[in-house]
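# A look at the structure
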Amino acid sequence: MAKTILPLWIDGRHTKSNSSRFSEVTNPASGEVIRHVPLSSRTDVEAAIAAAKAAFPGWRDTTPLRRSRILNKFRELLETHRTELAQLASEEHGKTLEDAAGSVQRGIEVVEFAVGAPHLLKGEHAENVGRGVDCHSMLQPIGVCAGITPFNFPAMVPMWMFPVAIACGNTFVLKPSEKVPSCSLRMAELLKEAGLPDGVFNVVPGDKEAVDTLLEHSDVRAISFVGSTPVAKYIYETAARYGKRIQALGGAKNHAVVLSDAPLDFTADAIMGAAYGSAGERCMAISAVVAVGDIADALVAKLSARAEKLVVGPGDKKGVDMGPVISVQHRDKIIGYIASGVQQGAKLVMDGRNIKVAGHEKGFFIGPTLFDDVSTGMTIYKEEIFGPVLIVLRVANLDEAINLVNANPYANGTAIFTASGAAARRFQNEIEVGMVGINVPIPVPMAFFSFGGWKSSLFGDLHMHGMEGIYFYTRTKAITTRWPEVAERSASTLTMPTLS
Ligand code: NAD
């Protein structure tokens, strides 16, 4: 049967790619190819950039309030179509429908934040900075911005970027993951329906060729990237070489530190969702538990008892807790990690490698996997697995736990579970990680705060959304003004002006 070939979205309409290269979009629960997506060519991406460049002056000059009203209409359309977007995300990614709906909601919250941009774009003003001299600053858009997004949040991660960029008066070219392109294309249609002028938002699915075109093109002023660390580093270095503004969010190894005074059932429940939700394919997933003191045996027993009860199956089936992983290659890579853990001497408490899901024999499933007695030299600790594999490390005290977390090159999120305010306060102060949860397993900040990690989890200076997003997508201009009376005008001077 002929499979649908997806279009690109350029200048407000579906556009046929001129690429000769295509990628298969697969339903990970069935293993079936459900559509094909063009891998945009250099000329496809150049056409998208040209459309965004042409649309920029008109959009920049549209008042922030009018821009905001269009985004508000988009928000309404997202509410109406949230189930459809969740279904697309679940179908192409594999996550459960409920989980997908939650991530669409988190994306909608960024649009809600962006609707408030007129207030946030006001700049500053100071009267009389010198005698008869005033100063004000303006936040102006920067031009054509580009977003490059990963497979694991088909709707939410693009929405970390383009609503804020557009609200600030920029135009946008989005290069979604070739594995999950449909949500981005659907959101482009909804933006048009909301009244967004043609060319302000463009979508060019693709791979390295499309990405490199965005990185090298002189009309692209800023790049937002979310994906794995090696690619993030490449994007950061290349974009910087081409003189672009850049924020590149990378991979993660997120630790949950559990102190011996933590409420055990509450903590085990929290870690379950954070480790195995979305089959562990979240950048904020808890993938390493650091059990402090004598809580380890009881905690591991609670975790394995819960993990055994998780229902694995297709994401669109009621009652399923955990869907498949994204691809057969990724499943095999995860299986390889599990084998390496066994080989390097970790204790395999639960093995998800041989799971069978009836009726879905060709799906890319892995069951929940749990390792105990893991040490920091093992591959399963050092590398991001990005699957349903939770590892437990044991340490003697909070000092050791903090040192262990701080020695890891990744620093996206972390959490501490404890009943001690003093321990939690010390942890939040000393931990070198961008997002910290205190008895909160997945501390993803709300849209009006900023999202981002430290160290190898983010290359660049500014995080996504919140005020840092506004600053990323604008540049500041400071204006110093004097209106002298004719009689007051003085002779010119060659010395450095001091106003006071
Ligand atoms: P990925 O790095 O393979 O791909 C991300 C994007 O880069 C995709 O659009 C892809 O097409 C493109 N890309 C891939 N290889 C490229 C190359 N060699 N040159 C140029 N572009 C390339 O990541 P993924 O597998 O799609 O997503 C999973 C990763 O994303 C995990 O490491 C996860 O931790 C990370 N992630 C991080 C965050 C965060 O906020 N820090 C959020 C979500 C996902």
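One structure accompanies this document, and this report is about it. Note that the coordinates shown come from a computational prediction; the quantities given were computed from them, not determined experimentally.

Tallied over the entire structure, the rule returns ten aromatic pairs. Considering the side-chain rings of Phe74 and Phe162, the 6.0 Å spacing of their centres and the 55° angle between planes classify their relative orientation as tilted. Taken together, the residues span a long stretch of sequence, with Phe74 in helix H2 (residues 64-80) and Phe162 in helix H6 (residues 156-167) at a distance of 88 residues. Summarising the burial analysis for this pair, Phe74 and Phe162 share the class buried. Consider the rings of Phe172 and Phe201, whose centres lie 6.3 Å apart with planes at 20°: the pair is stacked. You can see Phe172 sitting in strand E9 (residues 171-175) and its partner Phe201 sitting in strand E10 (residues 201-203), a full 29 residues away along the chain.

As a further point, take the sheet that holds strand E19 (residues 413-417). Pairing within the open sheet is mixed, and its seven strands lie in the order E15-E16-E17-E14-E13-E19-E20. Unpaired on one side and paired on the other, strand E15 (347-350) and strand E20 (435-438) mark the two borders of the sheet. Averaged over all pairs of adjacent strands, the angle between strand axes in this sheet comes to 20°, irrespective of strand direction. With five bridges joining them, strand E14 (residues 286-292) and strand E17 (residues 389-395) adopt parallel strand pairing. Looking at the pairing, Val292 lines up with Val395 of E17.

The rules behind the values
As a convention, each chain's residues are numbered from 1 in the sequence order in which they are written. Given that the model is predicted, a residue must reach a pLDDT of at least 70 before its local features are reported, and side-chain atom pairs must reach 80 or more before they are shown or counted; all residues, however, enter totals for whole chains, interfaces and linings. With hydrogens and water set aside, each side-chain value is computed from the structure's full complement of heavy atoms. In summary, the pairing rule links any two rings of Phe, Tyr or Trp, Trp by its six-membered ring, whose centres are within 6.5 Å, and it sorts them by plane angle into stacked for under 30 degrees, edge-to-face for over 60 and tilted for everything else. Note on conventions: DSSP H or I runs of at least 4 residues are helices, E runs of at least 2 residues are strands, and numbering of each starts at the N terminus. Only protein chains enter the accessibility calculation, which uses a 1.4 Å probe; a residue is then buried when its area is under 20% of its type maximum, exposed when over 50%, and partly exposed in between. Only strands joined by at least two bridges in the DSSP assignment are considered to pair. With axes taken as lines fitted to C-alpha atoms, and helix axes fitted only over the stretch in contact, angles between N-to-C directions fall between 0 and 180 degrees.

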